[in-house]
Every structure is written in structure tokens, then in C-alpha cells.
Amino acid sequence: MSLETLRDLLAADGCNKAEQVITLITVCIENGITAGPEILSTVSGLGFNEKYVGIQLRKNAGRNPERYLWVRTAEGPYQLHN
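Residues numbered from 1 in each chain as written. Predicted model: local features only at pLDDT ≥ 70, side-chain atom pairs only at ≥ 80, totals over all residues. Heavy atoms only, no water.

**Student:** How would you explain the side chain of glutamine 56 if you had to name every residue and give the values?
**Tutor:** Examined against the element boundaries, glutamine 56 turns out to sit in helix H4 (residues 50–59). Once residues within four sequence positions are removed from consideration, glutamine 56 is found in contact with Ala18, Val21, Ile22, Ile25 and Trp70. (Helix = DSSP H or I, 4+ residues; strand = E, 2+ residues; numbered from the N terminus. Contact = heavy atoms within 4.5 Å.)

Structural data, given as C-alpha cells:
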């Protein structure tokens, strides 16, 4: 499924903007799009404000898997918590 199709399904299901962006970022990371600038470009290219995508990317990144969805590694890329 393409990211565009996923975006449309999320919107049709009534997901708010934050839920849509978080889900799209998660799918990007799962599919190997792990560099911050690449994630920003990909998700903002789907019609979301780049600053807002960046806020969600940073807000949901951290070492504690009970609180955060992904982590930024020491080398720079993002990865999902296992």
C-alpha cells in the first residue's frame, strides 16, 4: 500500500492530523526511510506542514519505549523500539 493510500484511509477513518502524521512516520521508518530529512520530506510531500511533521518526529522520539514510539540512534537515523 502506498503512503498516499494510507494517508487517505487514515483521513477517511477519522484520524486527526497528529495520528495521521505519527502513523506515516512509523511506516516510513518500518520501510527504511530513517533519516530525519528524508522522513520530513516524505511525509510533508503528502500534504502535511514540514514543521508540524518535525515536531511530531521529535516529540515521539526517546529512549523509553513505554513513552516514545521511536528513537534516534547515535549515528542519526531513527528506528522503532523493539
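**Student:** Give me the lowdown on the environment of asparagine 16, citing residues and values where you can.
**Tutor:** If you trace the backbone, asparagine 16 turns up in the loop between helix H1 (3–12) and helix H2 (17–30). Residue classification places asparagine 16 among the partly exposed positions, given a relative accessible area of 41%. A polar atom in the side chain of asparagine 16 sits 3.1 Å from the backbone nitrogen of alanine 18. (Buried < 20%, exposed > 50% of the residue type's maximum accessible area, 1.4 Å probe, protein only. Polar contact = N/O pair within 3.5 Å; in protein donor to acceptor, adjacent residues only side chain to side chain.)

**Student:** Tell me what's going on with the packing of aromatic side chains, and back it up with residues and numbers.
**Tutor:** What the rule picks out here adds up to zero aromatic pairs. Lying across the ring of tyrosine 52, lysine 17 places its NZ or CZ 4.4 Å from the centre. (Phe/Tyr/Trp six-rings, centres within 6.5 Å; stacked < 30°, edge-to-face > 60°. Lys NZ or Arg CZ within 6 Å of the ring centre and 35° of its normal.)

**Student:** Tell me about the packing of H1 against H2, and please be specific about residues and values.
**Tutor:** Contact geometry for H1 and H2: axes closest at 10 Å, N-to-C directions at 150°. Judged by the angle between their axes, H1 and H2 are roughly antiparallel. For the pair H1 and H2, the crossing hand works out as right-handed. Counted together, Leu3, Leu6, Arg7, Leu10 and Ala11 of H1 and Gln20, Thr23, Leu24, Val27 and Cys28 of H2 form the full contact between these two elements. Among the residues forming the contact of H1 with H2, the class breakdown is seven nonpolar, two polar and one charged. (Axes fitted to C-alpha atoms, helices over the stretch in contact; angles between N-to-C directions. Parallel < 35°, antiparallel > 145°, perpendicular 65-115°, else oblique. Left-handed = near helix turned anticlockwise from the far one by under 90°. Nonpolar A, V, L, I, M, F, W, Y, C, P; charged D, E, K, R; others polar.)

That's the geometry; what it means functionally is another story.
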